[in-house]
Amino acid sequence: MRIGTSFAHLSGSALMMDAQAKMYATQNELSSGKKVSSPSSDPVNVSQISTARSAIAMQASFTANQSFLEGELRHLESTLGAVGDVISNAQQQLISAGNGTFNNADRASVATNLSSLRTQLVALANTRSADGQYLFSGFSSNTTPFFQSGTSISYGGDNGTRGVIVASGLAIQSNSDGQSLFMQVPKGNGSFATSVAATNTGNGKIDTGTVVNPAALTGQNYELQFTGSSTIQVVNTSTNSVMLWQTYVPGQAITFDGLQVVVSGTPAIGDRFTIAQGQTASVFDALDQAIAALNTPVVTDADRAKVNDAVRQVSATMEQAANIALTKRSEVGGRMNMLDSAAAVGANQQFQSMTLLSRLQDVDYAEAASRFATQQTAVQAALAAYGQTAKMSLFDYLR
Amino acid sequence: MTLLSVGASGLAAAYAAINATSHNISNVNTPGYSKQQAVQTNMPGQFSGAGFIGRGVAVETIRRAYSDQINAQVQFTQSQSAEASAQSTLMKAVDKLFAVDDIGVGAAMDQFFTSLTEASSRPADMAARGAVISSGQGLSTRLNQTVGLLDEQGRNVDLGIRATVSQINTLAQKIGRLNDAIALGQGTGQIPNDLLDQRDEMLRQLNEQVGVSTLAQSDGSLNVFLSSGIALVMGNTPAPLSISFDPADPQRQLVGVRSTSASGNGDITLSASSLSGGALAGQMKFRDINLVDAKNELGRLATAIAAQFNAVHVGGTNMYGATGTSLFTLPSPVAYPSSLNTGSGAVSVAVSTSSAIKPSDYRIDFDGTNYAITRLQDGSQTVTAGLPATVDGLTISLAGTPNPGDSFQLQPVRNAAAGLQMGFTDPKLLAFGQSNAVGDNRNALLLAQIADQTVLGGLTFAQAFGEITAKVGTVTQGLEISASINDKLSQQALADQSSVSGVNLDEEAANLIRYQQAYQASAKVIAAAQTIFQTLLDMGR
């Protein structure tokens, strides 16, 4: 085949250009460390590269949220622990106040201790997180949740539960409800609360009672009335009907409508004991009740019975509050476990995404370097061949 | 004296051959030049009793080494190669814009989503809210800029098309003139080789600009036609191409042949699909298909982002206790009536289901009874007897009365990415809550979770963007492959042409010696004749 001289030069230089272009493309890969510089470099995988990058970015924000949430939950847990401690201190104070040898001054000193515990509890209930938001005020996180209103503490927050996204489709609650913890503690044994009427003149007392048949509970309120020296009349005050008469034997259980109470001591005629179901109290009001009772001088047996009854009632409430604080604390612990596993899964996914991304877009240096060497040889060969052929001419031999 | 004339004919022939060889050597680098050769023929002998005595040599003609078939092959492959390379070069710039890196649209989208995720956990944190605003602005700016660069490219292509058209017109004019000169040369009975070469070169150059076919005329001139059959050169008369604007889309520059009628109704316009080969076809295909696709893909993404986030955002409450306003704003979808319409109909389009929209423009044709709504991306058609109608998540409405034959062009998403903006810049206006409480993050959680939802044709935003990059990559790679194949084919055709028509200097050197020796030998013949003659004369002395 004939070769046109001009074309031979052109195609020779085109081959050199081609070999050089390939070599520079590889050089580019080697210096950038990426084998995919634009979508056309790898259209099959570019979509995966793009989604892997998105997944890595999203996971990074989940990780940021995880550490934020961890801080919040740790703070919440330690605060709930402190709340539990204060409540348990108050319980001990209340137990000591039941000491029969205590005089008025001893009781007043317990009241002072309780009062300081109450202050601590209010401070804990108004704890703020690192960013200045209240822990126990729900969504109203910049509103002081617990504040003195008249003689009692009011709640200014709401029941909002704030979720923090820690993984795709998984939000874990970061706060805890202050209302159920501090403001709506069930009174008595958690089902019903017993109390001695303020007008009683005898020293009869009532225990906290137990539920013997939960199915038979009515949710209604009752009154035990001493109509005679040895007769108790049980009245359902919700329906205003007399339930039963029973001969009063001190210390004998009185059972009706699934519940059971024990009255002891010597009630006077006309004395009453109330049984109220489903009542809640604020933990602060309960402490206030105990402080007020302990600050009231005891003169008569009836006075003593009332103080003791108040201490008993508040103790029961504090026990409920302690349970709630414990439950909430373990619930926070459960959330931390969830967070830990979400973090572990997330870290694993992050690793997978990064491995995938690296496999798809990063240069295999060994392969690229050897490819570069091959291409370099090709360029050198093209240059050498062109140099040799281009200078050959018959004219050189015609002299 | 026969001997002298025989020798002289040999001298003349060798001289002509040396001349042709020198011409070849001089034109070794002339584009389009075909090597020439003096075709010699022996002259018929003179009858004598001893038979026919040769009378020497004659140069019959100067012939160029040429193959019609190979020449046509060169023109065709170069035309195809020019188209593929024009389109592929332009597309590569788009490809770079969609690079998956830390500064692209994908990264900006990721940043917006992650800032929302982080802010959702601390709704009262002004810094986190501020980050949402700035990353939202980052996303809209990135989309605006990307489309801005695409538009810039579109304007450059329009300029390129103008340049191509003016080059086509110049070449057509030159071919017309060469046709004239060739017809004149042909009249002498000999072939004007060099003019033919020049015309072939002009045709090759023309084919690089636009694919053409030719029809040879008996006088040697060539009529040149575009692939759609439109005449570009008839004899010595070129029919210049001109630039006009699309009656259906005033933004679009068209190339056509202007009719002589004043109304402009006889204008013939060239569409990307009617052209085959040449830079013009590549430029028009890029502008009318690839660029529009890229803008529509980004526009669809922007439209869906605005629709999805706004729908959730307006369900929330901001820090001023007011209902959320639009998080993003979009320009209105565009609908143009054709400038050729005679009725009063005006069409408007609105997005009704953002997850169902397609990255395409639409055309509506009214035939007097029905409205045919054509999705221009793939040609799929919906026919409806009345408007409003809902197609692909779009509600298309009509005001006024169109006449039969009227048409409308819809660009529901094409400008969306260019005009996407944050609805506000005050971080307090972010509606993160569903109540007045500052710590309420319920709506922020809903906003953050949009990133996980399948919002666009069954894909999440991240997946949808990945799909866009894959489309761009596939198209670019396809064009690159096609350009490279076409380049190889055209190189092959050029090699074939060079083997037939190209000048080889070594061959010419050999020829030079060959003809030089023939010349010297013929000169020797004359010298011999002179000696013989002298001998005769001396005898007479």
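Analysis parameters
Residues numbered from 1 in each chain as written. Chains lettered and ligands numbered in written order. Predicted model: local features only at pLDDT ≥ 70, side-chain atom pairs only at ≥ 80, totals over all residues. Heavy atoms only, no water. 1 Å grid on protein atoms, 1.4 Å probe; cavity = no way out; pocket = protein on both sides within 12 Å on 5 of 7 lines; lining within 4 Å. Points joined across faces, edges and corners; volume = space filled by probe spheres on them. Nonpolar A, V, L, I, M, F, W, Y, C, P; charged D, E, K, R; others polar. Phe/Tyr/Trp six-rings, centres within 6.5 Å; stacked < 30°, edge-to-face > 60°. Helix = DSSP H or I, 4+ residues; strand = E, 2+ residues; numbered from the N terminus. Buried < 20%, exposed > 50% of the residue type's maximum accessible area, 1.4 Å probe, protein only. Lys NZ or Arg CZ within 6 Å of the ring centre and 35° of its normal. Axes fitted to C-alpha atoms, helices over the stretch in contact; angles between N-to-C directions. Parallel < 35°, antiparallel > 145°, perpendicular 65-115°, else oblique. Contact = heavy atoms within 4.5 Å. Buried area = accessible area lost by both parts, 1.4 Å probe. Salt bridge = Lys/Arg side-chain N within 4 Å of Asp/Glu carboxyl O. Pairing = 2+ DSSP bridges. Domains from an automatic or database assignment. Polar contact = N/O pair within 3.5 Å; in protein donor to acceptor, adjacent residues only side chain to side chain. Core = buried A, V, L, I, M, F, W, Y, C linked by side-chain atoms within 4.5 Å. Left-handed = near helix turned anticlockwise from the far one by under 90°.

The subject of this paragraph is empty space enclosed by the protein. Using the criterion set out here, one finds 3 cavities of 30 Å³ or more in the structure. Here the largest cavity is characterised by a volume of approximately 70 Å³. Around the largest cavity sit 13 residues that line it, and Asp131(A), Gln133(A), Arg162(A), Arg122(B) and Pro123(B) are the ones nearest its centre. Looking at side-chain class alone, the lining of the largest cavity contains 3 nonpolar, 5 polar and 5 charged residues. Estimates place the volume of the second largest cavity at around 50 Å³. Forming the walls of the second largest cavity are Arg129(B), Thr317(B), Asn318(B), Met319(B), Gly433(B), Ser435(B), Asn436(B), Ala437(B), Val438(B) and Asp440(B). Looking at side-chain class alone, the lining of the second largest cavity contains 3 nonpolar, 5 polar and 2 charged residues.

What follows is about the packing of aromatic side chains. One pass over the full model with this rule turns up 17 aromatic pairs over all chains. The interplanar angle of 80 degrees and the centroid separation of 5.5 Å between the aromatic rings of Phe136(A) and Phe182(A) together place this pair among those described as edge-to-face. One end of the pair, Phe136(A), is in the loop between helix H3 (104-125) and strand E1 (146-149); the other, Phe182(A), is in helix H4 (residues 178-183), and 46 residues separate them in sequence. The same class applies to Phe136(A) and to Phe182(A), which are both buried. Between Arg64(B) and the ring centre of Tyr66(B), over which it is positioned, the NZ or CZ distance is 3.7 Å. Taking NZ or CZ as reference, Arg122(B) lies 4.1 Å from the ring centre of Phe68(A), over its face.

Once that is clear, we can look at the packing of helix H5 (residues 193-209) of chain B against helix H6 (residues 278-313) of chain B. Residues and elements named next belong to chain B. Running from amino to carboxyl end, H5 crosses H6 at an angle of 5 degrees, the nearest separation of the two axes being 2 Å. Here H5 is positioned roughly parallel relative to H6, judged by the angle of their axes. Here H5 contributes Asn 207, Glu 208 and Gln 209 to the contact with H6, which in turn contributes Gly 278, Ala 279 and Leu 280. Here the contact of H5 with H6 is composed, by residue class, of 2 nonpolar, 3 polar and 1 charged.

Cis geometry marks the peptide bond from Leu387(B) to Pro388(B), where omega comes out at 5 degrees. Within the secondary structure, Pro388(B) is located in the loop between strand E17 (381-384) and strand E18 (389-391). Even without glycine at this site, Asn240(A) takes up a positive phi of about 60 degrees. With respect to the helices and strands, the residue Asn240(A) is situated in the loop between strand E10 (231-236) and strand E11 (241-247). The residue Asp392(B) is not glycine, and still its phi comes out positive at about 50 degrees.

The next point concerns the interface of chain B and chain A. Taken together, the contacts link 62 residues of chain B with 44 residues of chain A. The junction of chain B with chain A conceals about 4,100 Å² of combined surface from both sides, 60% of it contributed by carbon and sulfur atoms. Taken as a group, Val100(B), Thr117(B) and Ser121(B) account for 13% of the area that chain B buries against chain A, more than any other trio of residues on that side. Inspection of the chain B/chain A interface yields 2 salt bridges.

Quick look at the pattern of salt bridges now. Per the stated rule, a full pass over the model turns up 27 salt bridges over all chains. Between Lys295(B) and Asp151(B) there is a salt bridge, with its nearest N and O atoms 2.6 Å apart. Taken together, the residues span a long stretch of sequence, with Lys295(B) in helix H6 and Asp151(B) in helix H4 (residues 126-186) at a distance of 144 residues. Each of Arg2(A), Lys35(B) and Glu507(B) takes part in a single network of salt bridges with overlapping partners.

Residue and element names in this part refer to chain B. As summarised here, the arrangement of the 4 strands in space is E5-E6-E7-E8, forming an open sheet in which the pairing is antiparallel. The sheet terminates laterally at strand E5 (212-216) and strand E8 (237-238), the two strands that pair on one side only. In this sheet, strand E6 (residues 222-226) lies alongside E5 in antiparallel orientation, the contact comprising 5 bridges. When the bridges of E6 are listed, Val 212 appears paired with Leu 226. Sitting on the sheet, H4 is in contact with E6, strand E7 (231-234) and E8, with an inclination near 30 degrees to E7.

This next bit is on the domain arrangement of chain A. Residues and elements named next belong to chain A. The assigned domain composition of chain A is domain 1 (34-187 + 286-362) and domain 2 (192-278). A straight line from the C-alpha centre of domain 1 to that of domain 2 covers 38 Å. Taken together, the contact between domain 1 and domain 2 spans 9 residues of the former and 15 residues of the latter. The contact between domain 1 and domain 2 buries some 820 Å² in all, and 52% of this surface belongs to carbon and sulfur atoms. Applying the counting criterion to the domain 1 and domain 2 interface returns 0 salt bridges. Our count for the domain 1 to domain 2 interface comes out at 6 residue pairs in polar contact (both at pLDDT 80 or more).

Time to look at the nonpolar core. The biggest cluster of nonpolar side chains holds 83 residues, and the ones touching the most others in it are Leu206(B), Leu232(B), Leu301(B), Phe309(B) and Phe461(B). At 15 residues, H4(B) tops the list of elements feeding residues into this core. Ignoring sequence-local partners within four residues, the contact set of Leu301(B) consists of Val105(B), Met109(B), Leu456(B), Phe461(B), Ala464(B), Phe465(B) and Ile468(B). Grouped together as the second largest cluster of nonpolar side chains are 51 residues, Phe102(A), Ala111(A), Leu339(A) and Ala342(A) included.

Moving on, we come to the sheet that holds E10(A). Backbone hydrogen bonds hold the strands of a sheet together, and the pairing may be parallel or antiparallel. Residues and elements named next belong to chain A. Read across the sheet, 5 strands follow the order E6-E14-E9-E10-E11 without closing on themselves; strand pairing throughout is antiparallel. What marks the edges here is a single partner per strand, and that holds for strand E6 (192-196) and E11. Put simply, the sheet's adjacent strands are angled 20 degrees from each other on average, direction ignored. Sheet topology note: the E6/strand E14 (residues 272-277) ladder contains 5 bridges and is antiparallel. For Val 196, the partnering residue across the bridge sits in E14 and is Phe 273.

Overall, the relative accessible area of 10% leaves Lys295(B) in the buried class. Once residues lying within four places of it in the same chain are set aside, the contact partners of Lys295(B) are Val147(B), Leu150(B), Asp151(B), Val413(B), Arg414(B) and Asn415(B).

As a further point, take the packing of helix H2 (residues 68-97) of chain B against helix H9 (residues 461-501) of chain B. Residues and elements named next belong to chain B. Contact pair H2 / H9: the axes reach a minimum separation of 7 Å and the direction vectors enclose 155 degrees. Considered as vectors, H2 and H9 are oriented roughly antiparallel to each other. Between H2 and H9 the crossing geometry is left-handed. Per-class residue counts for the contact of H2 with H9 are 13 nonpolar, 15 polar and 5 charged.

Residues and elements named next belong to chain B. Counting buried residues in strand E16 (residues 371-375) gives 5 out of 5 residues, a clear majority hidden from the surface. The two faces of E16 match: Tyr 371, Ile 373 and Arg 375 on one face and Ala 372 and Thr 374 on the other face are all buried. Bridge count between strand E15 (residues 362-366) and E16: 5 bridges; the pairing is antiparallel. Within E16, the residue paired with Asp 365 across the bridge is Ala 372. Connecting the antiparallel pair E15 and E16 is a turn made up of 4 residues, with Gly 368 showing a positive phi of about 105 degrees. Pairing of E16 with E17, which is carried by 4 bridges, proceeds in the antiparallel orientation. Among the inter-strand pairings, Ile 373 is bridged to a residue of E17, identified as Thr 382. Count of turn residues in the E16/E17 antiparallel hairpin: 5 residues, of which Gly 379 carries a positive phi of about 80 degrees.

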